[in-house]
Each structure stands twice: as C-alpha cells, then as structure tokens.
Amino acid sequence: MASPLTSASAAAKVAAFPGETEYSYLTALSPLEGRYLGKVNELGPYLSEYGLIYYRVLVEIKWLLKLSQIAEVVEVPSFSEEAQAYLQGIIDGFGINDAREIKRIEMTTNHDVKAVEYFLKQRSSSHPEIAKVLEFYHFACTSEDINNFAHALMLKESVNNVLLPVMDDLIQGICDMAKEHADVPMLSHTHGQTASPTTLGKEMAVFTVRLSTQRQQLSQVAILGKLAGAVGNYNAHMVAYPNIDWPLVAQEFVTSLGRGLTDSTVLRNMGVGLGHSLLAYRSTLRGISKLQVNEARISEDLNHSWEVLAEPIQTVMRRYDVPESYEKLKALTIGRTVTAESIKEFIKGLELPEEPKNILSNLTPYSYVGSAVYWPMVDMAVVATKRDTNVPAEKVKVVANSSSCDLELSSLLALLPLDGRYWGKVMELAPYMSEYGLIYFRVIVEIKCIDDALEIKEIEKVTNHGVKAVECFLKQRCKYHPEIAKVLEFFHFACTSEDINNLAHASMLKGAMNNVMFPVIAKLVQALCSMAKEYSHIPMLSHTHGQPALPTTLGKEMAIFAVRLSREWKEISRVDIMGKLAGAVGNYNAHEVAYPDVNWPQVNKEFVQSLGLSYNSDIWYYISLGYFKQTTKAGEIGSSTMPHKVNPIDFENSEVNLGVANGNFLQQSMKLPVSRW
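Values in this document were obtained by computation on a predicted structure and should not be read as measured data.

1. A word on the environment of Glu455
In this structure, Glu455 sits in helix H23 (residues 453-463). The class for Glu455 is partly exposed, based on a relative accessible area of 26%. Each C-alpha atom, one on Glu455 and one on Phe473, is 7.5 Å from the other, the two residues being 18 residues apart in sequence. Excluding its chain neighbours within four sequence positions, the residues that come into contact with Glu455 are Phe473, Gln476 and Arg477.

In structure tokens form, the structure reads like this:
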C-alpha cells in the first residue's frame, strides 16, 4: 500500500491547503494561534506584531513630546494643545490598517523601527506645527531604545490587563472550593504513607495561598527600560546638546512611562510564556468547575487508616508522663493491621485520667483534623492580590479601523513571531505542523482525504475530544455510502487516542521534514558549496586559541560548513520516525478479546509501515485518589476507547502549558542580564 507521504500525495495535500494569504487558526503553526486561540486571544493586542508596532508608535511620539518640554532643545518648541492632541490622536486611533501600512514601509526599509519613524513622519507632515520638527522623531535613539520600551510596555500591560485578572479568578475559584469543603476530613500522606488527617478545604486553601503569593510577587516585579543610545553612554545626545543632563532626561522619560531604568531588554517571544500561562490558568479554572467531592471515597480511606491515631495517643501519653509512649505505639502499629477495635483496646489499657481517656476513645480518623485552616490568613492572601497591582495600564485599542473578521485572520495579531512577523518564511510547514495538519493526518490514519477541517472543529466543541471528533466526522461523512455504512462502528476499532495521535504526529513530522525541511537544507548546502568554490582562491588568516595561526582560504572554510551541514542532514534523514497501534497500554487488550485468532502485532507492524513509518503532584493527585469526581458536559468524551474514563484533559493542558511557559521564561531570563556595554 502506498504511503500517504509520497510526493504525489504531498503535492495534493499542499494544493488543497488554504492559499498563502489565508492565515487562520487552522493554519497556524503554534497551538496558541490555532487550537487554543479562543482562550488566549485577549493577549493578541499586546504581545503580537501589532502590539509591538503600536507600542513603538507610542514611545516615538512620547519621546518627541518629551523633547518639546526641554528648554535647551530650542528647535522643538513646546507644542500647542492642538498639536499635542493631534499626536495623542495618532496613538488613540491606531489600528490594524495603520500597522499594515508600517509593514508595507518595512518591505522597502527592511528595518522595522525605521518603518515606524517614516510612518510617523508621513502622518505628521500635513500638520503645520509638527511638520517643522519631523527630524526629531527618533532623535538620538537607537532601535533598542525604542524596542526595549515597547517590549516592556507589552509585558506590563498584558500582565496587568489580562494575566492578573485571570489569576485572580483562579485564586477566588480555589478559595471558594476551600470554604465549601472546609469541613470534609481527608487522609493526608507524607513519604507515600498515611499521615495525620486534614480537611479537603485546608488542602485547597494551601493552593490558594501559594498562588496568591506568586501572583503578588508577579505584580510587584519592576519592569525596566533604558533610553541611553546604542552603547548606553548618551553619545549622540551629548554631541548634539552637550549642556543637557541627558541621564536625568532619560530618568524622567522612563518614569513617565512607569518603568525603571536599565539597559536590559525583553525578547519578542514573550507571548509564548504568557500565552501558555494564560491557557494553563483557564484550563485549571475549567477543570475545577467540573469537580465534585467524593466524600464516600474520602471516608473509605479514613476508615481504613486507624494507625494515624497513634500520633495523638502517644502525645497525650507523653503529657501524662507515660514512659516509652512512642515506642508502645510503634509496637502497636508497625507491620500490623490497625483497626478501631485494636486502638480502643489499647486506649482502654492505658493508665490515664478518665477525661483524656474518654477523649481518646471518642477520637476517630474522621474527627482527628485539628485546626485545619486559619481562614483570615486565606482571605487576607486573596484580598492582597487585588490591591497590589501596579499602576493601571491603558488597554490597547485594535478595532479603530478594522473589522472583526480582519482581526481574526490577521497574522499581525499572532502571539508568536512564527505565525506573525515570519509567517511568510515558514508557511510551507503549516500544511503539516498546524491544527489542520494534525486533523488531516488523524483522518489519514483512521481511513487510510479531508476537505472540511472546520466541520471537525465544530464537532469537537461538543465532544471536547479531538480524536473522537474525527471519528464522529467520518461516521457522518460515510453513513450514506451503502457499503461503508454497514461498518461504521469499525472506525477507531480497538484504538486509543494515542494510537491515532502518535501516528498522526509522526506523519506530520515525516511530511514536514521530507517535503519542506530537507529541500531547504539541500539549497543551503548547495549555496555553501557554491561559495566554497567561488572563494577557493582567496587566502585568509586562521586563528587557534584566539591567536593568529596558519593561513587558509575562505573557500576551504565555507567547504567545512557545507560538509558539516551535509553530515547533519544525513544523520537526521536516517532517524526512524516510529509509531504504534497497540491499544491503551500496548498489549492489544481490546483487539485480542474481540478477535483472539488474529496476529495483532503483525497487523500493527504492517499498518504502521504502510504509513511510511517505522514499527515501534497537584490538584490532579486528589482526583487520582478518587477524592474528586470529574463531571462532564453533554457530548464530552473521556477516553476514545475506554468509556468508563474521564480523562483530566483540562489539568493535563494546564500542566503541559505551564511547563512550556516556564521553559520560555527561563530562556528569556538568561537573556535579560546581558549588558550593552
């Protein structure tokens, strides 16, 4: 059977893919712009290419206004109220079409910040007052002066206007759970063993306080900026106006924007970390909204854990000076099954006053919860998070001159540069590595062509399960075919979602590498070879240990790069991209029950090879213990093959997205201290 990844099928797939100007959530490379766009699109106005352009415009205009307030800069006199209003109007009225105009200018300048400067000069040339000082746009600034402020404003305002409010909602949601279940006793564990009972409310309160603390710390982080020229020395400023105290001017300007002063920067990819964080918080909110406490399961654990009363018994024995209190309880409990009867019999034999003996006799694991939570502390933590936010930020206006349809499809609003600024350079990957690509290959695996990914996405809104939506789509599409209609239930037969997903992802990767990445690498190798031959006669000095060494030729050095890249290409092309189709735990459980006489491992191997592949503690902790039951909405699916399961998709999304966010933040934090000196 032919592989779906042959050149012919790949060409057909790309031909059926939306045109290069038709950017949408289905064609986005990042899941933040695709599958999860609806959950993070509030960040788009701040952290997208549009947001970066908007804040560049704001900083350039504010800097011109600052220059007009410096008496020594006589060439820029104080602006009239009308002129100031005109400049503010450019900021307030800025919209998608303005950003597109700047991108058109950038196609000529090949410089994004300079394109903003030219746009402002064009927009201000008709104003008689501002037209006289056009050359003071971007005065004495390097691009990094503008960019570091723009990035700082993007980060500050997206955090204040989007991220912190969602964190507040999550904190309040967990706090409400804590109070609702404050009186529900539960068994705790330390070192994997039963420990003193607590209450479910107290455990939720711990999460409330922890997240409140992190939220408070986040809101108090000083986001820094600098305006000191290319190397931080105010070189050009002091040559033009040597008598001005430029460090003081910069300090005032920085302060006026609500920033601190530094020479560090925030990178263009911060939308990755914040986007995945926002998605994680919203997934957690959705997850906890579907939880129901299973008090019967919690009580079952407590009723089978009478050994936890060894702690209070030996503590009371110590109070009344009973010798070897700890050792006696150890002998009673270690390696033995402890029951209510054995505990009560032990207490009965203690030489204690009647009152403490009665107290111990009436004690049960269910009642031994102590003072589980101090609610004023929880309430204080929640309230504190809502009063410590930095100065309220101005929300970005993005609809001043654009329709909602434009906003949804515009790559200018993408959170990630790959789906925004660099879309035109990487869009060849989209047929393979986007949500569209994943759906396409899921269908390939299920029926071994797809013409309506949007229909599948609509089904998924009901099922809340990507793979099950594909199965439902295929059943709907095939139910009128007389032959196929008879076997509709064999779509997804004996498969778990991971069977479909691992083969779909493997096919996506193989198709992207064979049809996009390898051809580009081949062109790069050929370009290096051409350079090597062209410059083979040009001598150059080489270096070893940072010192001059024997001469070589420029061509030979280029040849080294060509050979190295060729070797890497060869090694990558040899990597086996593997897949499996063996059920939920890899044992062909359901397959063999249904058809015990079929050699399922051989069938698996043949099928995987036919696709051109090789054969091959958090809140969720309490759910896994059975202390919570997950509720589902009508139509939602848990496991695609095991009907009894309610998979923790929201908490899995939360965990994975926080991991991605933390990795991105770590990479950014390593860049922040880099000096401009």
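2. Focus on the side chain of Thr333
Locating Thr333 in the fold gives a position in helix H15 (residues 325-333). Among the polar contacts listed, one links the side chain of Thr333 to the backbone oxygen of Leu329, at a separation of 2.8 Å. Not counting the four nearest positions on each side in its chain, Thr333 is found in contact with Glu307, Ala310 and Val338.

3. As for the confidence of the model for the chain
Averaged over every residue, the pLDDT of the chain is 80; residues scoring 70 or more account for 80%. Contacts of residues 261-266 to residues separated by more than four positions or lying in other chains number 23 contacts, the stretch itself having pLDDT below 50. Throughout residues 389-393 the model reports pLDDT below 50, and contacts reaching past four residues in sequence, or to other chains, amount to 13 contacts.

4. What about helix H24 (residues 466-478)?
Over its 13 residues, H24 runs 19 Å from end to end, which matches the ideal 18 Å to within 8%, given 1.5 Å per residue. When you tally the buried positions in H24, you get 10 out of 13 residues, the bulk of the element. By the burial criterion, the buried members of H24 are Gly466, Val467, Lys468, Ala469, Val470, Glu471, Phe473, Leu474, Lys475 and Cys478.

5. Side note on helix H17 (residues 354-362)
Among the residues making up H17, those that are buried are Pro356, Lys357 and Leu360. Each buried residue of H17 sits inside an arc of 100° when the element is viewed along its axis, so together they form one side. Facing away from the buried side of H17, by more than 90 degrees, are the exposed residues Glu354, Glu355, Ile359 and Asn362. The elements touched by buried residues of H17 are helix H14 (310-319) and helix H16 (340-348).

6. Let's talk about the nonpolar core
Within the largest apolar cluster, 99 residues are counted, with the highest numbers of intra-cluster contacts made by Ile61, Trp63, Phe79, Leu87, Phe94, Phe136 and Trp246. Look past the residues within four positions of Phe79 in its chain and what remains in contact with it is Leu64, Leu65, Ser68, Gln84, Leu87, Glu129, Ile130 and Val133. Core analysis: the next-biggest nonpolar cluster, separate from the first, contains 27 residues, Leu29, Ala430, Tyr440 and Phe607 among them.

About the criteria used
Residues numbered from 1 in each chain as written. Predicted model: local features only at pLDDT ≥ 70, side-chain atom pairs only at ≥ 80, totals over all residues. Heavy atoms only, no water. Helix = DSSP H or I, 4+ residues; strand = E, 2+ residues; numbered from the N terminus. Buried < 20%, exposed > 50% of the residue type's maximum accessible area, 1.4 Å probe, protein only. Contact = heavy atoms within 4.5 Å. Polar contact = N/O pair within 3.5 Å; in protein donor to acceptor, adjacent residues only side chain to side chain. pLDDT = per-residue confidence, 0-100. Expected span 1.5 Å × (residues − 1). Arc of directions from axis to C-beta. Core = buried A, V, L, I, M, F, W, Y, C linked by side-chain atoms within 4.5 Å.

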